[in-house]
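Residue strings, one per chain:
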Amino acid sequence: MPRLFVGTKKGLFTLERSGSGWGVTRATFLGDPVPMVLPERNGETVHAALNHGHFGSKLQVSRDGGATFEESAVPVYPEKPEGFVDQCPMRKTDRPWSLELVWALEQGTPDQEGRLWCGTIPGGLFRSDDSGATWTLQRTLWDQPERTSNWMGGGYDNPGVHSVVVDPRDGRHVMAAVSCGGVWRTRDDGETWEQTALGMRSDYAPDEAAAFDPESQDPHRVVACPADPDRLWCQHHNGIFRSVDGAASWQEIEGVKPSAFGFAVAVHPTDPDLAWFVPAIKDEHRIPVDGAVVVNRTKDGGQTFETLRDGLPQEHAYDLVYRHALDVDATGDVLAIGSTTGNLWVSEDGGDHWETVSTSLPPVQCVRFGP
Amino acid sequence: MVHVRFTENLRRHVDCADDEVPDGATVRACLDAYFQDRPDVRSYVLDDQGAVRNHVVVFLDGAPIDDRRAQSDSVRAGAEIVVMQALSGG
């Protein structure tokens, strides 16, 4: 059984399964926000992002499975050229060239020794080839003119890279999803990038052309099926989208009940048609529909959805599940959800039934299975 | 010498013991002298562009410095620099 790492607003919690069920076996960084954690495949190395409110975002690394951590290098933005105008296209406010939040951490493919990707706010994607000892900004993406002309904040004041999808067939093939800035893809290890959000739609845009403008899309989370990486799912601000052609095009899945809005999506490791979502009332509300926490599951590529409720609170529940707070393990059977209310639920049967692991954690920012 | 000290709240995250640094012309020169021995402290106080972090305040002889971007405020011999977190954020 894998371990479950839970990053919260007040610390990192490690959970393991015993005969009596899942429970917290370790609490680390108590009092500090942990927006992202990455347990590496080797089972020993664990990276944790800390977000000190006053003192900036930092990274910590453990080489002993999470027992002890030490501070590691943090991505640093380059010097902003004198006179360079970099403003939010909506608010006309200056955009910082300074790390505000570590929002995504991913490992390269097994043949890419030491390769890590780090997505950040205000929109920089960084790469490490030495297990996080040093980081390099992907200037080829940062210098795209669309970044300054179109990217904007989504939830946060500034744009951010929250999803980094590494193709297990070829680690040089990487996708980075941006709120708000669409989905960018490189096939040559970052030498060139192209926009791949064609087909995504923002129904809140002022006109039809703007609604389909790929540069301004707000994908909340993008995941690919590890066994079939050309099959992708996106929980978008506007609804649910999927791609069956490696993000060359996206199709909107309409009519999903009780809501197509949400932040998180997880896809089965071997079945690209099987995916899970946690719906909510959109825009200003961001609470479960009718005060009931549910999980939407499709097993047929989005043609139909089941609304799963067993074990989840169905009355006066106002939990929101952030984009990184739903995960599925390598078997595809074990799922975890953490909420802003500090609830943590685990299912061991693909979402049919849910067990309440905790009702009293700090607000959950990310959950992640690891060896 | 210029005395440099930090809020207790920062000591929880990084080793930033009070210290004396040689007299410098500006706050930045004094901070750089401090960071020379403790490079890990720099990113807790300054952002990637070298400006004072949005929710950090640097006091010089009891008053917040004027130049948060480059810390060019002039420093007298024997001055005291105190790094605090701002109450406005975090």
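A few points on the structure. (Residues numbered from 1 in each chain as written. Chains lettered and ligands numbered in written order. Predicted model: local features only at pLDDT ≥ 70, side-chain atom pairs only at ≥ 80, totals over all residues.)

## With respect to the overall build of chain A
Helix and strand counts for chain A come out as three helices and 28 strands. Relative to its length of 371 residues, chain A is compact, with a C-alpha radius of gyration of 19 Å against a globular reference of 21 Å. In terms of its C-alpha atoms, chain A occupies a principal-axis envelope of roughly 60 × 50 × 40 Å. (Helix = DSSP H or I, 4+ residues; strand = E, 2+ residues; numbered from the N terminus. Rg over C-alpha atoms; globule rule 2.2 N^0.38 Å.)

## Quick notes on unusual backbone geometry
Residue and element names in this part refer to chain A. A cis amide bond links Ser-179 to the next residue, Cys-180, at an omega of -5 degrees. Within the element layout of this structure, Cys-180 appears in the loop between strand E13 (174-179) and strand E14 (182-186). Following Lys-257, the chain continues to Pro-258 via a peptide bond in cis, the omega torsion being 0 degrees. As for its position among the elements, Pro-258 is in the loop between strand E19 (251-253) and strand E20 (262-267). Even without glycine at this site, Ala-247 takes up a positive phi of about 75 degrees.

## Description of the environment of Asp-329 of chain A
Residue and element names in this part refer to chain A. Checked against the element boundaries, Asp-329 lands in the loop between strand E24 (326-328) and strand E25 (335-338). C-alpha of Asp-329 to C-alpha of Pro-2: the two residues are 327 residues apart in sequence and 7.4 Å apart in space. Setting aside its immediate chain neighbours within four residues, Asp-329 contacts Pro-2, Val-334 and Phe-369. (Contact = placed C-beta atoms within 7 Å.)

## Looking at the sheet that holds strand E4 (residues 63-64) of chain B
All names here are of chain B. Pairing is mixed across the open sheet formed by five strands, whose spatial order is E2-E1-E5-E3-E4. In this open sheet, the two edge strands, each paired with only one partner strand, are strand E2 (19-21) and E4. Note that strand E3 (residues 56-60) and strand E5 (residues 80-85) share five bridges and pair antiparallel. Each bridged residue has a counterpart across the sheet, and for Val-56 the counterpart in E5 is Gln-85. Strands in contact with helix H2 (residues 27-37) are strand E1 (2-6), E2, E3 and E5; relative to E2, the strand with the most contacts, it is inclined by about 120 degrees. (Pairing = 2+ DSSP bridges. Axes fitted to C-alpha atoms, helices over the stretch in contact; angles between N-to-C directions.)

## Some points on the pairing of strand E21 (residues 275-279) of chain A
Residues and elements named next belong to chain A. By the criterion of burial, E21 is predominantly enclosed, with five of the five residues buried. Neither face of E21 is left uncovered, since the one carrying Ala-275, Phe-277 and Pro-279 and the one carrying Trp-276 and Val-278 both have all their residues buried. Pairing analysis gives three bridges linking E21 to strand E22 (residues 295-298), with the strands arranged antiparallel. Across the sheet, Phe-277 pairs through a bridge with Asn-296, a residue of E22. (Buried ≥ 20, exposed ≤ 12 C-beta atoms within 10 Å, placed from the backbone.)

In short, geometric facts, not functional conclusions.
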